[in-house]
Amino acid sequence: MADDAETGITSPLLQKVQEMLNEEKWTRAALSNYSTTQFKELDILLKEAQQEKVYDELKKLSDEHLVHTKNSIIALYFSGMIALSRQLIDDAVLVNLVTIFVDNHKWGIVRYLCEGILEYGESKFALRTLADCCKNENEEEPIVGIWERLVKVDYEEADIAKSLAEHYEKLGAVETALDYYKKSLHRYINKGVFTNVREIWAKIIEFCPDDIDFFLHVEKRIAKNISEEKAVLLLQDVYQSCKKRNEIDTAIGLLKLILQYDARDNLARREITECYRVKYAAHSQLEEYIRISNLTQAWRNVREAITDFEKHIAFDRGSFVFHRTWGVGRISSIQGDDIVVDFAKKRAHSMSLKMAVNALQTLSKNHIWVLKATQKKEKLHDRVKDEVSWALKIVIKSFGNSCDIKRIKAELVPSVLSQGEWTAWSSKAREILKSDPGFGVAPDNIDLFTVRDRPISLEEKLYNEFKAEHNFFDRIATIRAYEAQSETEIDSEFFNEMFAYFSACLRSYTQVNEQVIASWLLARNLGSRHPRLAVNLPDFAELFSRIDDLNGLFLNLKDSKLREEFLHQIRLLIPRWDDIYVRLFPHAMLPSIIVSLEKEGRDDKIAQMIQNCYENYRDNREAVVWFFRNVKKNNWFEKAGISLEKRIITLIYILDISYRDIDNHRETTENRKINKQVYTLLFKDGVLESLIRDAGGDTLLRIYTLIEDVKDIDPADKLKLRSIIQERDPQFKFADAEKKTSRALLATASRYEEKKQQLARLMDVEVPANSKEIAFALSLGDLRENAEYKAAKERQDILNSTIAKLKDEIERAQIFDPATASADRVSFGTTVILENSSGSEETYTILGPWEADPENHVISYLSPFGGAMVNKQPGEQFDFIFDQSRREDSMSYIIKSIKKAEAH
């Protein structure tokens, strides 16, 4: 046992393994002596090592032995199986072990080893080797099951997928065969093997000739991966199939696509002309329009000729048209070059064909404009409201089968549905657009919805959305949705293409940005749930070290799940992770950061975070608010040395800064959000009031001075604050008590609120309504004699003037505090009894211009009569001339008494 003492091995199990390794080395045991029995004995030792917790030591011992004895069967098995159990990606050791026995045709051992590997998850190598093993032992039956597993794991494997398709075709299982044919087709396209592609393409046309969407999807990939010429060959095969089945519209669409690839394809040009003849056989002007458009003439650009023909062919007796001034009309007759149209506003209007083509837009009989023009409003309203899917199809098809929610609303509100009805209706519509297989999205714009001629699976619908998405993180959300809806292991080509998009990000990056990190996190996450997706990922620590702007990257990681996973990987794999958490917190405010630091006993780091945020509050506004709202335990503010007064003063500073940034149009949306949060905390949640009721004189003065200096705070809230301070300290001296500006406009709180509501109504209701009136008037044309337009513009001028005046008054308004009213002299908020020179008494209440009501003896302090008595004391006399042109029309008054006015 001297060797064991020298190597430091103390475990009896490890000593036994060392002896086995030495014996294997000295005796040079022949491979012919090995059987599955020996490997079963090795498995027992592996279990014992796991129970004794010497797994790592056993692997180390085996790896060290392999350095000088690279083909040791025992060491290869122990090292490989332990690595496999730890889910390590490098399987070179086990591959080497299995290959040794494959080369020596020891198929029983090969089967045992492969089945052992597969117990830990699917392996392309193990499955492929196991299939070869079955072949060599003439066991055909298990091969199909192994092939199916292999095709799921190895999505580059095309030949086996094709063999499976042929196998199931012979059995009559057409759906299963078709699925494997499609898999093999995609994989041959990736390999660029066109001979096999065309062979399988013919099979798919045979089995599902109606699946045009599939053919069009694949055609694009063939044009990109192989060549456009090959794509045209395959499209011609699909066209011939459609032509035989008399699917003319689809055939025309395919021919247009062929002509996009090659405008000089004369055969396609002749074929599309014949298809048009079949489709429009009943049209009275068919041959004339073919002639006019030069559709059959090779010298005319074929795309222009098709556009010209389709524009003309839409004009026929009974067809609907639209004119921007006269609205919807119907063609009543066509004679030669003369077309007669009946418009609702202009009956039997005659025009030339050339003018009609340029001035009129042709509409289908189911166009939403036609339905609104020809059906009773009540009937259309009821159907649109009750049959949401039908209404969506009508509107979307009305506009070239491409429409967004905004356009749908514009067509239905308010002409068919009211604004109130739209809210509930649109919720149903969005759900239908999302889940109904009869709807899809445009290939290049996720916001544009289309109506599909043939329903598609949810998987294909999500794939199409993925392709239409331009935002990287929206694509992540879509691939997650695809995974979530799949009940079994994901092995579709749609998913493979989506996953390949993120894999490519990890293969081709030059700079580590948020997309690279997000792709790494997503690939790791998916690989952990779907072993076939496990790929050899770059080292996370190495990626992390290459991040230039960590804060910017974290901000741009626009997915909450990925942010949390990113933080988790940092904590697991990056040294001094707690300092990184402190650095990142102001940019995310994730509670998990606090939880992790707290769990690891890093309270000092939490206090450091709070200090950093409050010292740099200008840059960390959101974090300051987050801490104020959420940190209410563990005395973290005390540990950070941040008093309650400092916390609230910091909030006031942030409120002032956000107001200024809003005025300067700097990050307006973000500043409005933070401004609203701080305002709510200070004034609505009672934070300021609570502090003031408990504060001393110096604190009161500091807080009030800061609040008074923030000019945009609602005067009503300032007034309330003054009242609370006076209640708390009646002797408190307000620095601005006598300060009044010449432009100030005193007003009661109630009237101030009324004026704000009036301004809001003007801007939110009256102005938009006026804008619609102007737009409608413009649509009527000829502004010179357009009374509606002139009236709408006059209304616009009045509104602008009223709003400008109201804004100025509200800006100058200073809310009167009833508590400050005094009966010592005449002032705002007092009621005065006067005795005139005739001996009669008159009573007046002095308020502002907003409250003035002369009929009820309420006058403004800014009025001539009100101004004459302001600041007068009881017993004082004054004269007032009512008409300056008649000096004799004057009256003398004596102030009899003054009292505080009742609330208004």
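A few points on the structure. (Residues numbered from 1 in each chain as written. Predicted model: local features only at pLDDT ≥ 70, side-chain atom pairs only at ≥ 80, totals over all residues. Heavy atoms only, no water.)

Observations concerning empty space enclosed by the protein
The condition that has to hold: Both cavities and pockets are sets of points on a 1 Å grid over the protein atoms alone; in a cavity a 1.4 Å probe fits but cannot get out, in a pocket the set is open with protein on both sides within 12 Å along at least five of seven lines, and lining residues sit with an atom within 4 Å of a point. Grid points are joined across faces, edges and corners, and a volume is the space filled by probe spheres set on the points. Counting from the N terminus, the helices are the DSSP runs of H or I reaching at least four residues and the strands are the DSSP runs of E reaching at least two. All residues other than Ala, Val, Leu, Ile, Met, Phe, Trp, Tyr, Cys, Pro, Asp, Glu, Lys and Arg, Gly among them, are scored as polar; the first ten of these are nonpolar and the last four charged.
Under the criterion given, the structure shown has 1 cavity of 30 Å³ or more. Computed from the structure, the largest cavity encloses a volume of approximately 90 Å³. Sorting the residues of the lining of the largest cavity by element identifies α38 (668-684), α39 (687-694) and α41 (715-728) as the ones contributing at least two each. Of the residues forming the lining of the largest cavity, the biggest block, 4 residues, is contributed by α41. Its residues assigned to classes, the lining of the largest cavity comprises 5 nonpolar, no polar and 3 charged.

Description of unusual backbone geometry
Each neighbour pair has its own omega, and for Val413 with Pro414 the value is 5 degrees, a cis peptide bond. Mapped onto the elements, Pro414 comes out in the loop between α23 (405-412) and α24 (419-435). Positive phi values are uncommon outside glycine, yet Arg576 reaches one of about 55 degrees. Within the secondary structure, Arg576 sits in the loop between α31 (560-573) and α32 (577-584).

Some points on the packing of helix α42 (residues 749-779) against helix α43 (residues 787-812)
Threshold: Here, axes are lines fitted to C-alpha atoms. For helices the fit covers the stretch in contact, and angles between N-to-C directions go from 0 to 180 degrees. By definition in this entry, angles of less than 35 degrees are roughly parallel, angles greater than 145 are roughly antiparallel, angles of 65 to 115 are roughly perpendicular, and the rest are oblique. The handedness criterion is simple: a crossing whose near helix is rotated anticlockwise from the far helix by less than a right angle is left-handed, and one whose near helix is rotated clockwise is right-handed.
The N-to-C vectors of α42 and α43 enclose an angle of 160 degrees; their axes lie 9 Å apart at closest approach. Comparing their axes, α43 and α42 come out roughly antiparallel. For the pair α42 and α43, the crossing hand works out as left-handed. Partitioning the contact of α42 with α43 into residue classes produces 14 nonpolar, 4 polar and 8 charged.

Notes on the pattern of salt bridges
Basically, it comes down to this: We define a salt bridge as a side-chain nitrogen of Lys or Arg found within 4 Å of a carboxyl oxygen belonging to Asp or Glu. Partly exposed describes any residue whose relative accessible area lies between the buried limit of under 20% and the exposed limit of over 50%, with all areas from a 1.4 Å probe on protein chains only and scaled to the type maximum.
What the rule picks out here adds up to 44 salt bridges. With a shortest N-O distance of 3.5 Å, Arg221 and Glu497 are connected by a salt bridge. With a gap of 276 residues between them, Arg221 in helix α13 (residues 212-225) and Glu497 in helix α27 (residues 493-507) connect regions that are remote in the sequence. For the residue pair Arg221 and Glu497, the accessibility class agrees, reading buried in each case. Where Glu753 meets Lys756, a salt bridge forms, and the shortest distance between an N and an O atom there is 3.7 Å. Linking Glu753 with Lys756, this pair stays in helix α42, spanning 3 residues, or about one helical turn. Counted as one network, the salt bridges with shared partners bring together Arg111, Glu137 and Glu139.

Notes on the sheet that holds strand β14 (residues 890-900)
Put simply, the rule reads: Any two strands are treated as partners once DSSP identifies two or more bridges connecting them.
The strand order β12-β11-β10-β14-β13 describes an open sheet built from 5 strands, whose pairing is mixed. Two strands bound the open sheet, and with one partner strand each, they are β12 (858-860) and β13 (877-881). On average, each strand axis in the sheet is tilted by 45 degrees relative to the strand beside it, whichever way the strands run. Examined bridge by bridge, strand β10 (residues 830-836) and β14 share 7 bridges and lie antiparallel to one another. Directly across from Asn836, in β14, lies its bridge partner Tyr893.

Some details on the environment of Lys191
The condition that has to hold: Any two residues whose heavy atoms approach within 4.5 Å are treated as being in contact. N or O atoms closer than or at 3.5 Å make up a polar contact, with two conditions inside protein: a donor-capable atom paired with an acceptor-capable one, and, for residues adjacent in sequence, both atoms drawn from side chains.
Looking at the element boundaries, Lys191 is found in helix α11 (residues 174-191). Along the primary structure Lys191 and Asn620 are separated by 429 residues, whereas in three dimensions their C-alpha atoms are 52 Å apart. Apart from the residues within four sequence positions on either side, Lys191 is in contact with Glu156 and Ala158. At 3.3 Å, the side chain of Lys191 and the backbone oxygen of Glu156 are in polar contact.

With respect to the packing of helix α12 (residues 194-207) against α13
In the contact formed by α12 and α13, the axes pass within 12 Å of each other and the chain directions differ by 170 degrees. In terms of orientation, α12 and α13 fall into the roughly antiparallel class. Of the residues in α13, those in contact with Val197, Trp201, Ile204 and Ile205 of α12 are Phe214, Phe215, Val218 and Ile222. Tallied by class, the residues present in the contact of α12 with α13 amount to 8 nonpolar, no polar and no charged.

Some details on α38
Counted only if it meets this: A helix is expected to span 1.5 Å multiplied by its residue count minus one.
Between its terminal C-alpha atoms α38 stretches 22 Å, which fits the 24 Å expected from 17 residues at 1.5 Å a residue. Turning to α38, its buried residues are Asn671, Ile674, Asn675, Gln677, Val678, Tyr679, Leu681, Leu682 and Phe683. Of the surrounding elements, those touching the buried residues of α38 are α35 (621-630), α37 (644-663), α39, α40 (697-709) and α41. Backbone geometry just downstream of α38 places Gly686 in the positive-phi region, at approximately 80 degrees.

Considerations on the sheet that holds strand β1 (residues 320-323)
To summarise the sheet geometry, strands pair through backbone hydrogen bonds and adopt either a parallel or an antiparallel arrangement. Read across the open sheet, the 5 strands follow the order β4-β3-β2-β1-β5; overall the sheet is antiparallel. The open sheet has two edge strands, β4 (349-352) and β5 (361-363), and neither has a second partner. Across this sheet, the average inter-strand angle for adjacent strands is 40 degrees, counted without regard to direction. Inspection of the sheet shows β1 paired to strand β2 (residues 327-335) by 4 bridges, in the antiparallel sense. Looking at the pairing, His323 lines up with Gly327 of β2.

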